[in-house]
Amino acid sequence: MIIDDDGYILTNAHVVRRADRIEVVLHDGRKYEAQAYAGDDQSDVALLRIITDKNEKFPAVNFAKPDDLLLGETVIALGNPFGLGSSISKGILSSKNRRPEIEGTPLDVADWLQTDAAINPGNSGGPLINLRGNMIGLNVAVYKDAQGIGFAIPLKRVATALGEIFMPEFLSGLWFGARVDAGVQP
C-alpha cells in the first residue's frame, strides 16, 4: 500500500525478501518498477519506493490513530490473494493482542490484530482498514489450521518499525564516503 504521495510503499519484509525485481501494479492497472528502500525481518515490515521518471504523485492511505481499535468493529482486508487481483473482504476485529504459534512455538513478534476478514496468501502487505477508510494494520498471516482467522501487524507496531528504519543506527550497512578513526594521536 502507498503510504506517501511520493510513492513510498509499505509491505511485509517476507513478501520482497528474495525478490530480484519488484513490480507494483496499481488498482487502475498502471505498472511501475519499485526498489526496496529498507526492511526489517524482525518486525516483518519493508519500505519500497516506486521508480518513476516523472514527478508523479500517488494517492496514499490514511492512518488511523494508533490506539483507535474497538473489539468487534468491522474491518476490511485488502490484498491480492493467490494472485487473483485486487480483493476486498470484510470481517470483525476479534483481538488486539494475539501471539499465534508456529510449529508449536509462540511467535516472537509484537501482539497482532486478529480478524475473521479473509486473509490468504497474497494478502500479505495489504492494509487492514476500518470503516472510515483508515489503515489500522498491515495484513501478515493466516492461521493455517483454521478457517477465517487472519492476522495483521497493528499500526502502532508498523509506526515503530518505520521509525527504526529511518534512524541512522538502523542504516548501519550504508557507506557515505567517510571513515572515522577513533585512535588517539599524540
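Note that the structure is a prediction, hence the values are computed from the model and not measured.

Chemist: Help me understand the overall build of the chain in this model?
Modeler: Along the chain, the regular secondary structure elements total 2 helices and 14 strands. A separation threshold of at least 6 residues defines the contact pool for the chain, and within that pool the share at least 24 residues apart is 56%. Carbon and sulfur atoms make up 51% of the accessible area of the chain, which totals about 11600 Å².

Chemist: Explanation requested: the side chain of Asn-123 in the structure shown.
Modeler: Along the polypeptide, Asn-123 turns up in the loop between strand S11 (112-115) and strand S12 (127-130). With a relative accessible area of 2%, Asn-123 lands in the buried category. Setting aside residues no more than four positions away along its own chain, Asn-123 makes contact with Leu-78, Gly-79, Asn-80, Pro-81, Ala-118 and Asn-139.

Chemist: Sorry if this is basic, but what is going on with the nonpolar core here?
Modeler: Most often, soluble globular proteins have nonpolar side chains that are buried together. Among the nonpolar cores identified, the biggest contains 20 residues, and Leu-10, Val-45, Met-135, Leu-138 and Leu-162 are the most heavily contacted of them. Elements represented by at least two residues in this core include exactly strand S2 (8-11), strand S5 (45-51), strand S13 (134-142), strand S14 (150-154) and helix H2 (155-165). A per-element tally of this core places H2 first, with 5 residues. Other than its neighbours up to four places away in sequence, Leu-138 contacts Met-1, Leu-10, Thr-11, Asn-12, Asp-44, Val-45, Gly-125, Gly-126, Phe-151, Ala-152, Ile-153 and Val-158. Counting residues in each nonpolar core, the second largest holds 13 residues, with Val-24, Leu-26, Ala-34 and Phe-58 among its members.

Chemist: What is the right way to read unusual backbone geometry from this model?
Modeler: What is expected of a backbone is that most residues other than glycine have negative phi and most peptide bonds are trans. Of note in this structure, Asp-44 is not a glycine but carries a positive phi near 60°. By the secondary structure assignment, Asp-44 is in the loop between strand S4 (31-40) and S5.

Chemist: Is there a simple way to think about the pairing of S12 in this case?
Modeler: Consecutive side chains of a regular strand alternate in pointing toward one face of the sheet and then the other. Where burial is concerned, the two faces of S12 agree: the one with Pro-127 and Ile-129 and the one with Leu-128 and Asn-130 are both buried. Where strand S7 (residues 74-79) meets S12, 3 bridges bridge the pair, whose relative direction is antiparallel. When the bridges of S12 are listed, Ile-76 appears paired with Ile-129. Examined bridge by bridge, S12 and S13 share 3 bridges and lie antiparallel to one another. Each residue of the ladder has a partner; that of Ile-129, found in S13, is Met-135. Here S12 folds back onto S13, and the loop between the two strands holds 3 residues, one of which, Gly-133, carries a positive phi near 80°.

Chemist: Would you take a moment to explain the packing of aromatic side chains for this structure?
Modeler: Two descriptors summarise a pair of aromatic rings, namely the distance from one centre to the other and the angle between the planes of the rings. Overall, the coordinates contain 3 aromatic pairs when judged by the stated rule. An angle of 85° between the planes, with centres 5.5 Å apart, marks the rings of Tyr-8 and Tyr-37 as edge-to-face. In this pair, Tyr-8 sits in strand S2 while Tyr-37 sits in strand S4, placing the two residues 29 residues apart along the sequence. Residue classification places Tyr-37 among the partly exposed residues on the basis of a relative accessible area of 40%. Relative to Phe-58, the ring of Tyr-32 lies with its centre 5.3 Å away and its plane at 85°, an arrangement referred to as edge-to-face. With a gap of 26 residues between them, Tyr-32 in strand S4 and Phe-58 in the loop between S5 and strand S6 (62-63) connect regions that are remote in the sequence. Each of the two residues, Tyr-32 as well as Phe-58, counts as buried.

Calculation notes
- Residues numbered from 1 in each chain as written.
- Predicted model: local features only at pLDDT ≥ 70, side-chain atom pairs only at ≥ 80, totals over all residues.
- Heavy atoms only, no water.
- Helix = DSSP H or I, 4+ residues; strand = E, 2+ residues; numbered from the N terminus.
- Contact = heavy atoms within 4.5 Å.
- Areas by Shrake-Rupley, 256 points an atom, 1.4 Å probe, with all protein chains shown as cover.
- Buried < 20%, exposed > 50% of the residue type's maximum accessible area, 1.4 Å probe, protein only.
- Core = buried A, V, L, I, M, F, W, Y, C linked by side-chain atoms within 4.5 Å.
- Pairing = 2+ DSSP bridges.
- Phe/Tyr/Trp six-rings, centres within 6.5 Å; stacked < 30°, edge-to-face > 60°.

Such coordinate-based values are descriptive only and should not be taken to indicate function.
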